[in-house]
Amino acid sequence: MPFCFHQEKCDCCAHFPHGCFECCIKCLGGVPYASLVATILCFSGVALFCGCGHVALTGTVSILEQHFSTTASDHALLSEVIQLMQYVIYGIASFFFLYGIILLAEGFYTTSAVKELHGEFKTTACGRCISGMFVFLTYVLGVAWLGVFGFSAVPVFMFYNIWSTCEVIKSLQINMTVPGDQICVDIRQYGIIPWNAVPGKACGPILENICNTNEFYMSYHLFIVACAGAGATVIALLIYMMATTYNYAVLKFKSREDCCTKF
């Protein structure tokens, strides 16, 4: 889109009686705002999920090694899985950065700005096929990311249970009703470490001290932020679904008509 600072340098200004201002307003009217909002939301959500999730997983391994599984062989498999997940996070961040830019470019391609600034608006079978591929891929990613969102809520649930147990211990100490040593959290019941892991559980003041450590505090809140980032990415993909579906319909059914899309 040309910059309308000088009328003699702006080709589209000659077509509007009020000069460059009307030209620029017309250009802005063809921006795919839905795709733009979805791209910003997708980038933000993926960045939160990947960045916070990576640091939170590192803190989780530290907590397990120090308090729940002192033998390295007991949590060796878990450490390998977490390390693999961290590498997957790098791939997810790179993929969605490129895919978001591609979908945003596809949204601009099907706007009225492209039609009005570059002449006759024509599509080919290959172009419609590529647009349809984006629709299918976006739907698949949306369903897959729903699973990622549900999976990211699992560590939040686990950390919340530990935190709430610590709060119960504090309240019991204040009320002097039941000894806090009888309140325990057994990580082995979640299946992340084997049943023969030592000690496998923490009770009373030991559990309370775990909740007061920086690793627990940071990991708990980072998992919450990562889960929120996954939810934001789901919303962004839903917007992408609507945008790509609408754009595909325009390319397929209305390419011969004098119409435009601002989605």
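Reading the values: rules and limits
Residues numbered from 1 in each chain as written. Predicted model: local features only at pLDDT ≥ 70, side-chain atom pairs only at ≥ 80, totals over all residues. Heavy atoms only, no water. UniProt positions renumbered as here; feature names shortened; annotations may be inferred. Axes fitted to C-alpha atoms, helices over the stretch in contact; angles between N-to-C directions. Helix = DSSP H or I, 4+ residues; strand = E, 2+ residues; numbered from the N terminus. Parallel < 35°, antiparallel > 145°, perpendicular 65-115°, else oblique. Nonpolar A, V, L, I, M, F, W, Y, C, P; charged D, E, K, R; others polar. 1 Å grid on protein atoms, 1.4 Å probe; cavity = no way out; pocket = protein on both sides within 12 Å on 5 of 7 lines; lining within 4 Å. Points joined across faces, edges and corners; volume = space filled by probe spheres on them.

Its UniProt record gives the chain a comment under Subcellular location (unreviewed entry), which states: "Membrane".

Enquirer: Just checking my understanding: could you explain the packing of helix α2 (residues 33-68) against helix α3 (residues 76-109) for this structure?
Expert: A pair of packed helices can be characterised by two numbers: the angle between their axes and the separation between those axes. Closest axis-to-axis distance for the α2/α3 pair is 9 Å, and the angle between their directions is 175 degrees. By the criterion of interaxial angle, the relationship of α2 to α3 is roughly antiparallel. The residue makeup of the contact of α2 with α3, split by class, is 19 nonpolar, 9 polar and 1 charged.

Enquirer: Mind showing me how you'd approach empty space enclosed by the protein here?
Expert: Remark: the empty space left among the atoms is shown by a probe the size of a water molecule rolled over them. For the structure shown, the criterion picks out 2 cavities of 30 Å³ or more. Of the volumes computed, that of the largest cavity is approximately 90 Å³. Every residue lining the largest cavity is listed: T60, I63, L64, F68, M158, F159, I162, I187, I192 and F216. A per-element tally of the lining of the largest cavity places α2 first, with 4 residues. Along the lines of polarity and charge, the residues of the lining of the largest cavity split into 9 nonpolar, 1 polar and no charged.

Enquirer: Help me out: how do you make sense of the layout of surface pockets in this one?
Expert: One number sums up the size of the largest pocket: a volume of about 530 Å³. L57, M85, F151, P155 and F223 are, among the 24 residues lining the largest pocket, the residues nearest its centre. Only α2, α3, α5 (125-175) and α7 (214-253) provide two or more residues apiece to the lining of the largest pocket. Residues belonging to the lining of the largest pocket are distributed by class as follows: 21 nonpolar, 3 polar and no charged.

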